[in-house]
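Structure at a glance
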Amino acid sequence: MTAPQPDARRPHAHLPDVDIAAAAMAARGRSLAPDLARGLMLLLIALANVPWWLYGAPHGLTNAHGLGHTGGDLAYQLFSLVAIDGRAYPLFAFLFGYGIWQMYSRQAAAGTPWREARRVLQIRHAWMVAFGAVHALLLWYGDIVGAYGIVGLVVVGLLLRRSDRTLTVVAWVMTGLLLLFGALMLGSALLLSTGVAGDPAVFGGGTEMYPVMAAESNYLLFMLGSFGTWLLASAGQVFFLTVPLAIVLGIKAARRGLLDRPAEHRALLTRIAIGGILIGWAGGALAALQFAGLLFDPVLSFATMGFSGLAGVAGGIGYAALFGLVAAAIGERRGFVTRAITAVGKRSLTSYLLQSVLFAPLLAAWGLGLGAILTPLGAAALAVGVWLVTVVVALVLDARGSRGPAEALLRRLAYGRRRVAAPTPVG
């Protein structure tokens, strides 16, 4: 499909299926809902990441929750599988896609030619890959900034100016592939659980697995292993399709301004929130039942991975819609809590990286080694505490009218001395 050509008589003619009001708003300033969603998302990210730092007990093949816990710890693990794991990162990806369109529409509204706007976005995403590589090498083998940068390069190059119909077709194709993958995983587990192919443990990889990187006491070996793990994980994030799917849907949502003007889309956001969260939690319930050993042998934990992953996209988008409804309800009545959460959302990259700066030396074996002794509930409490630290840092920066250092560096690297649209105001 050929990209639409600009029309000098219509300054927004080169924006396919664009919501002109959303483009104008992007040029004027920030809207509440995306930043509120990013701020709350980072709390979910902290809760989703912290189990990967715990190495005091073996865990299953497809998640980092330690086996053998009981009582409140087990209850929290099951809750996390239903409501947090596999939901937080699709929410992150959806908001990343939303942000791509916001950045592009802001440049377009300022008259930046398409090729220049595309070049700036692609440079930005290439630097995100570099940020992710350094983040993985030094601190966190589960980094997702690099994977999102890779997908951003592809999406901006191939899909950003395509029609809504094209994006819809692409989204449905990816959904179909994920459904097929889920069916294959479930069918394989059903077959293996019968024992017809021998001991299922041979195919499930066993359950005696540990977060090896977190348990590494030699920092240099940790760096090497962390970077290698990140390379494999980033490729998996891209080819598993949940991240690309969420990003494409985020672009579609941004074109309609769903989070920029949530009050105007309250009915649609309500349907998305209810449907998405119900689907997401249903998929998470499958993973929780599997973790509890109520569906298949625990070694066959991959059985529900495909369906749970796809449901996670629905759940993440449902959360985004819910946060949009919260923003619509808040309106202009923005108290301290709202300002604190949105301060984090405005500095989401800095806050995300700061989580690793705090987690790694506290939990890794090369640091204080708390990952060997913390229980799931204790680790969750630590995650909330780390998020609160990022809130304090963001509030201090907000009071100064300053961007996060990571955002400032990324902008400087991406834009350089180019004449581009003014950045979205921080305050």
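Before any of the text, the structure's been laid out above.
A brief report on the enclosed structure follows. The structure presented is a predicted model; accordingly, all values stated were derived computationally and were not measured.

Within the chain one finds 16 helices and zero strands. The long-range fraction of contacts in the chain, counting pairs at least 24 apart against all pairs at least 6 apart in sequence, stands at 82%. Summed over all atoms, the accessible surface of the chain reaches about 17,900 Å², with 69% contributed by carbon and sulfur.

Taken as a whole and assessed by the stated rule, the structure comprises five salt bridges. For arginine 261, the salt bridge is made with glutamate 264, and the minimal N-O distance between the two is 3.0 Å. Look at arginine 261 and you get buried, because its relative accessible area is 13%. Residue glutamate 264 is classed as exposed on the basis of its relative accessible area, which comes to 58%. Where aspartate 398 meets lysine 346, a salt bridge forms, and the shortest distance between an N and an O atom there is 3.8 Å. Within this pair, whereas aspartate 398 is found in helix α15 (residues 376-400), its partner lysine 346 is found in helix α13 (residues 336-346), the two being separated by 52 residues in sequence. The class of lysine 346 is buried, set by a relative accessible area of 19%. Residues joined in a network through salt bridges with shared partners are Lys346, Arg347 and Asp398.

It is worth spelling out the layout of surface pockets at this point. Each pocket or cavity is described by its volume, and for the second largest pocket that value is around 720 Å³. Lining the second largest pocket are 29 residues; nearest its centre among them are Leu249, Ile272, Val313, Ala314 and Ile317. The dominant element in the lining of the second largest pocket, judged by the number of residues it contributes, is helix α12 (residues 305-330), at eight residues. Grouping the constituent residues of the lining of the second largest pocket by class yields 21 nonpolar, four polar and four charged.

Positionally, glutamate 407 belongs in helix α16 (residues 405-415). The buried charged residue glutamate 407 lacks any salt bridge partner; its closest oppositely charged side chain belongs to arginine 347, at an N-O distance of 6.4 Å. Each residue touching glutamate 407, except ones within four places of it in the same chain, is listed here: Lys346, Arg347, Ser348, Leu349 and Thr350.

With that settled, the discussion passes to α15. Its 25 residues place the ends of α15 37 Å apart at the C-alpha level, agreeing with the 36 Å of an ideal helix rising 1.5 Å per residue. When we look at burial in α15, the residues that qualify are Pro376, Ala379, Ala380, Ala383, Val386, Trp387, Thr390, Val391, Ala394 and Leu397. Against the buried residues of α15 lie α2 (32-49), α3 (71-83), α13, α14 (348-363) and α16. Once α15 finishes, glycine 401 follows within two positions and takes phi at roughly 70 degrees, a positive value.

Moving on, we get to the packing of helix α10 (residues 242-256) against α12. At their nearest, the axes of α10 and α12 sit 10 Å apart, and the two run at 30 degrees to each other. Classed by the angle they form, the pair α10 and α12 counts as roughly parallel. Note on packing geometry: the crossing formed by α10 with α12 is right-handed. Facing Thr242, Leu245, Ala246 and Leu249 of α10, the residues of α12 in contact are Gly309, Leu310, Val313 and Ile317. The class makeup of the residues in the contact of α10 with α12 is six nonpolar, two polar and no charged.

With that settled, the discussion passes to empty space enclosed by the protein. Summed over all chains, the structure comprises two cavities of 30 Å³ or more. Forming the walls of the second largest cavity are Asn49, Trp53, Trp140, Tyr352, Gln355, Ser356 and Phe359. Take the lining of the second largest cavity: its biggest share by element is four residues, from α14. Classifying every residue of the lining of the second largest cavity gives four nonpolar, three polar and no charged.

Attention shifts here to the nonpolar core. Of all hydrophobic cores here, the largest spans 102 residues; its most connected members are Trp53, Tyr148, Leu160, Ile247 and Tyr352. Considering every element that reaches this core, the biggest residue donor is helix α4 (residues 88-109), with 14 residues. Ignoring sequence-local partners within four residues, the contact set of tyrosine 148 consists of Tyr89, Phe92, Ala93, Phe96, Met128 and Val243.

This part is about unusual backbone geometry. A positive phi angle, near 80 degrees, is found at leucine 241, a position not held by glycine. Positionally, leucine 241 belongs in the loop between α9 (219-239) and α10.

In the structure shown here, the tally under the stated rule is 16 aromatic pairs. Taking 5.3 Å as the distance between ring centres and 80 degrees as the angle between the ring planes, the aromatic pair formed by phenylalanine 181 and phenylalanine 240 counts as edge-to-face. With phenylalanine 181 in helix α7 (residues 164-193) and phenylalanine 240 in the loop between α9 and α10, this residue pair connects regions lying 59 residues apart in the sequence. The exposure class of phenylalanine 240 is partly exposed, given its relative accessible area of 24%. A connected cluster of aromatic rings, assembled from ring pairs, spans Trp53, Trp140, Tyr141, Tyr219, Phe222 and Trp366. Lying across the ring of tryptophan 101, arginine 255 places its NZ or CZ 4.6 Å from the centre.

Turning our eyes to something else, we now look at the environment of glycine 176. Here glycine 176 is to be found in helix α7. Overall, the relative accessible area of 35% leaves glycine 176 in the partly exposed class. Put simply, glycine 176 and leucine 310 are 134 residues apart on the chain and 9.9 Å apart in space, counted from C-alpha to C-alpha.

Rules and cut-offs
- Residues numbered from 1 in each chain as written.
- Predicted model: local features only at pLDDT ≥ 70, side-chain atom pairs only at ≥ 80, totals over all residues.
- Heavy atoms only, no water.
- Helix = DSSP H or I, 4+ residues; strand = E, 2+ residues; numbered from the N terminus.
- Contact = heavy atoms within 4.5 Å.
- Areas by Shrake-Rupley, 256 points an atom, 1.4 Å probe, with all protein chains shown as cover.
- Salt bridge = Lys/Arg side-chain N within 4 Å of Asp/Glu carboxyl O.
- Buried < 20%, exposed > 50% of the residue type's maximum accessible area, 1.4 Å probe, protein only.
- 1 Å grid on protein atoms, 1.4 Å probe; cavity = no way out; pocket = protein on both sides within 12 Å on 5 of 7 lines; lining within 4 Å.
- Points joined across faces, edges and corners; volume = space filled by probe spheres on them.
- Nonpolar A, V, L, I, M, F, W, Y, C, P; charged D, E, K, R; others polar.
- Lys, Arg positive; Asp, Glu negative; His and termini not counted.
- Expected span 1.5 Å × (residues − 1).
- Axes fitted to C-alpha atoms, helices over the stretch in contact; angles between N-to-C directions.
- Parallel < 35°, antiparallel > 145°, perpendicular 65-115°, else oblique.
- Left-handed = near helix turned anticlockwise from the far one by under 90°.
- Core = buried A, V, L, I, M, F, W, Y, C linked by side-chain atoms within 4.5 Å.
- Phe/Tyr/Trp six-rings, centres within 6.5 Å; stacked < 30°, edge-to-face > 60°.
- Lys NZ or Arg CZ within 6 Å of the ring centre and 35° of its normal.

Taken by themselves, the reported measurements are silent on function.
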